[in-house]
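# Breakdown of the fold
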Amino acid sequence: MFKALLINSENDRPQISEISEDVLRQDGVLVKVEYSTLNYKDCLAILHGKPIIRKYPMVTGIDFCGTVLNDSSSEFKPGSEVLMTGFGMGEKFWGGHSELASVDASFLLAIPNGFTMKNAMQCGTAGLTASMAVLKLKDFGLTPDSGKILVTGASGGVGTISILILKKLGFHVIGTTSNTKNFEFLENLGVEEIIETSTLNSVKILDKQKWIGAIDSLGSKALVGVCACTFAGGAVVACGNAQGIDFPTSVAPFILRGINLFGLDSVYQTIANRKRAWNLLAECLTDNDLDNISTEHQFKDILDLAKRLIENKVTGRLVLRMQES
Ligand SMILES: NC(=O)c1ccc[n+]([C@@H]2O[C@H](COP(=O)([O-])OP(=O)(O)OC[C@H]3O[C@@H](n4cnc5c(N)ncnc54)[C@H](OP(=O)(O)O)[C@@H]3O)[C@@H](O)[C@H]2O)c1
């Protein structure tokens, strides 16, 4: 038997439940889960179910890392330390909020060189997304000499890790936050300028140009403001909707300033793109960096933590220790 956060049906509440190992898929890699995380998407799944969860019963958790117990495909040796994010885990098939998981071998990665299992979950899907967003800006051609980069939702998971990577690469970073209490935290991460997110909500469709690139995890009017203040020819990566799913703008920033809007989905990325992004994370981030932006918690506290994250009462990343000590 093992424990997992199980949601039995659309009308049921999530509960940490005892489950028999027999119900796990028998043709997957069986992993003893050491760490998982809570991303924004996990919290939506736990608290609201739809539209994240596509079928029931479901074990939540879009990320985990752990130790291989058994692999029927023989790709991973017992004892190997592995990492899994996305690919529909916690949405279409059972996820990482569990003491045991059985997943397709082709979805697993080895823990990146220089990282521990805990480091990998201090990053999780949020960190992977941040790293892919930074790579999009770099591949577009932006360098520290090009100008300033804006990061919205700066105190969140995607936000903090984007900032840490951009700072390591030498960029001048502007952060937006909805809470002035985060100012000191963001200054300590090295953010040079901080603005309140609400100011983005009220700019004109084309406003004063302030940054050459941006990573946005908010969507809605905030993303409108981000595009409105991007320098001509600049690039914006849209990767989240923490403020809203709408995008009430005009084509003006695109046809009059030629700004480039990139979408990003880290969930169904190729293994090659994932490895590239994880290597950037491992190259840029130290234990100290990751300890400064994350807190470790026991699995038993998951429901309370999910509620706090959705209410925007969390700074940085939440890591879950999945085995009882
Ligand atoms: N595209 C992908 O593949 C992908 C992958 C991961 C995440 N995401 C999305 O990216 C977004 C951020 O994820 P995350 O894990 O970083 O979440 P998170 O840790 O909760 O961070 C989101 C941050 O946004 C700000 N925020 C929250 N609610 C807000 C509101 N109503 N209005 C304005 N600002 C608000 C807060 O920062 P401040 O307190 O500093 O304002 C919060 O810390 C989510 O929408 C998530 O679904 C997408």
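The text that follows walks through the structure, step by step, so that each part is easy to find. (Residues numbered from 1 in each chain as written. Predicted model: local features only at pLDDT ≥ 70, side-chain atom pairs only at ≥ 80, totals over all residues. Heavy atoms only, no water.)

## Quick look at the site of the ligand
Let me state the cut-off plainly: The criterion for a residue being near a molecule or strand is simple. One of its heavy atoms has to lie within 4 Å of it. Distance and chemistry together define a polar contact, namely a pair of N or O atoms within 3.5 Å, with one atom able to donate a hydrogen and the other to accept it when in protein, and with adjacent residues in sequence counting only for side-chain atoms on both sides. Under the convention used here, a 1.4 Å probe and the Shrake-Rupley method define accessible areas, while residue burial counts only the protein chains that appear. Polar here means any residue other than Ala, Val, Leu, Ile, Met, Phe, Trp, Tyr, Cys and Pro, which are nonpolar, and Asp, Glu, Lys and Arg, which are charged; Gly is therefore polar.
Taken together, 24 residues lie near the ligand, and Thr 177, Ser 178, Cys 239, Leu 264 and Ser 266 sit nearest. With respect to the ligand, the side chain of Ser 155 contributes an N or O atom lying 2.8 Å from an oxygen atom. Within the side chain of Ser 178, an N or O atom sits 2.7 Å from an oxygen atom of the ligand. Protein contacts shield 86% of the accessible area of the ligand, which totals 910 Å² for the unbound molecule. Here the residues of the shell around the ligand sort into 8 nonpolar, 15 polar and 1 charged.

## Overview of the nonpolar core
Where a protein is soluble and globular, its nonpolar side chains tend to be buried together. Here is the rule we go by: The definition of a nonpolar core used throughout is a set of buried Ala, Val, Leu, Ile, Met, Phe, Trp, Tyr and Cys residues joined through side-chain atoms within 4.5 Å. The classification of residues rests on relative accessible area computed with a 1.4 Å probe and restricted to protein chains. Under 20% of the type maximum is buried, over 50% is exposed, and intermediate values are partly exposed. Strands here mean DSSP runs of E at least two residues long; helices mean DSSP runs of H or I at least four residues long; both are numbered from the N terminus. Note: domain ranges come from an automatic or database domain assignment.
Within the largest apolar cluster, 51 residues are counted, with the highest numbers of intra-cluster contacts made by Trp 278 and Leu 285. When residues of this core are traced back to their parent elements, those giving at least two are α2 (117-140), β9 (149-151), α3 (157-168), α4 (183-188), β12 (211-216), β13 (230-238) and α7 (271-284). With 12 residues, α2 is the largest single contributor of residues to this core. When residues of this core are assigned to domains, at least three fall in each of domain 1 (2-110 + 293-321) and domain 2 (125-263).

## Section: the sheet that holds strand β10 (residues 173-177)
Note the following rule: Whether two strands pair depends on DSSP finding at least two bridges between them. All axes are obtained by fitting lines to C-alpha atoms, using only the stretch in contact for helices, and the reported angles, taken between N-to-C directions, cover 0 to 180 degrees.
Read from one edge to the other, the open sheet built from 6 strands follows the order β11-β10-β9-β12-β13-β14, with strand pairing classed as parallel. The sheet is open, and its two borders are formed by β11 (193-196) and β14 (260-263), each paired with just one other strand. Going across the sheet, the axis of each strand differs from the next one's by a mean of 20°, ignoring polarity. Taken together, the 5 bridges between β12 and β13 define a ladder with parallel strand orientation. If you follow Trp 211 over to β13, its bridge partner there is Thr 230.

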